[in-house]
Amino acid sequence: SHKLNQLRHVLNDVISPAQSDISRRIQEDNLMMAMLEVLQKNGPSNEKPSFSKRRAVVEKVTAYLDANPSKHVTITELCDLAHVSRRTLQYSFEDVLDISPVKFIRMARLNAVRRRLLQGLQEDETIAMVAQHWGFTHAGQFTHDYTELFGENPSITISRRHN
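Note that the coordinates shown come from a computational prediction; the quantities given were computed from them, not determined experimentally. (Residues numbered from 1 in each chain as written. Predicted model: local features only at pLDDT ≥ 70, side-chain atom pairs only at ≥ 80, totals over all residues. Heavy atoms only, no water.)

Peer 1: I would appreciate a short explanation of the side chain of S92 in the present structure.
Peer 2: Turning to its location among the elements, S92 is positioned in helix 5 (residues 86-97). Sequence-distant contacts of S92, defined by excluding residues within four places in its chain, comprise R54, V57, V58 and L97. (Helix = DSSP H or I, 4+ residues; strand = E, 2+ residues; numbered from the N terminus. Contact = heavy atoms within 4.5 Å.)

Peer 1: Sorry if this is basic, but what is going on with the layout of surface pockets here?
Peer 2: To find the voids left in a structure, one rolls a probe of water-molecule size over its atoms. Estimates place the volume of the largest pocket at around 240 Å³. L65, D66, P69, A108 and R109 are the residues nearest the centre of the largest pocket, which is lined by 15 residues in total. Of all elements in the fold, only helix 3 (49-67) and helix 6 (101-119) reach the threshold of two or more residues within the lining of the largest pocket. With 7 residues, the top contributor of residues to the lining of the largest pocket is helix 6. Around the second largest pocket, the lining comprises 14 residues; the ones closest to its centre are V102, I105, R106, R109 and F136. Elements with a minimum of two residues in the lining of the second largest pocket: helix 6 and helix 8 (139-150). Tallied by class, the residues present in the lining of the second largest pocket amount to 6 nonpolar, 5 polar and 3 charged. (1 Å grid on protein atoms, 1.4 Å probe; cavity = no way out; pocket = protein on both sides within 12 Å on 5 of 7 lines; lining within 4 Å. Points joined across faces, edges and corners; volume = space filled by probe spheres on them. Nonpolar A, V, L, I, M, F, W, Y, C, P; charged D, E, K, R; others polar.)

Peer 1: Looking at this structure, how should I read the pattern of salt bridges?
Peer 2: Between side chains of opposite charge, a pair can form when the charged atoms approach closely. As enumerated under the stated definition, the model contains 5 salt bridges in all. The partner of E59 in a salt bridge is R55, and the shortest N-O contact between them spans 3.5 Å. Remark: R55 and E59 occur in helix 3; sequence separation between them is 4 residues, near one turn of the helix. A salt bridge links E152 to R114; the nearest nitrogen and oxygen atoms lie 3.2 Å apart. Taken together, the residues E152 in the loop between helix 8 and helix 9 (154-162) and R114 in helix 6 connect sequence positions 38 residues apart. Both residues of the pair, E152 and R114, count as buried. (Salt bridge = Lys/Arg side-chain N within 4 Å of Asp/Glu carboxyl O. Buried < 20%, exposed > 50% of the residue type's maximum accessible area, 1.4 Å probe, protein only.)

This is the structure:
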C-alpha cells in the first residue's frame, strides 16, 4: 500500500507538464524503479505452486470456452481437456474466480444470450430460440437466471434496444 502510494506520487510527477527534461528523466527512472518493486512484490513469483497450477487449469478451460462459444460442453469434457479431476477443476475455479465451473459456464452463456438480444432478433426468431441455442432448455429457469444476473427480463433487454 505504501509502495503503491509512492508509485502514484511519482506517476503524477511524470505526467505533470511543467518539468525540465532532466527532471522528467529522473522522475521516469524513479517511476520505473517503483513499478519494478511493486511488480516484484505482487508478481506471480510469490504465488504458491498449487495456485499457479489452478490458474493454469482455469486459463486452459476459459480459452477453450472462448474458442468454442456455442459448443455445449460437459464438466467431464472440461476435466479431460485440462487433465484434472472434477474436484481439481472445482477447486481451481473457486480459488481463481471464486465461482464454480458450472456457474462460470452458465454466466458465459447468459452473457452470449444478452449480446445476441442486444443485437436484435431476426424475423421469426424468439427469445426462447436464442436461449435454446445457448443450451437453456427450461424457459422459466433461463428467465430467472438472466434476471438474477442482469437485473432485467430478457424481453426488457430487447425493448430497451428498440428505444
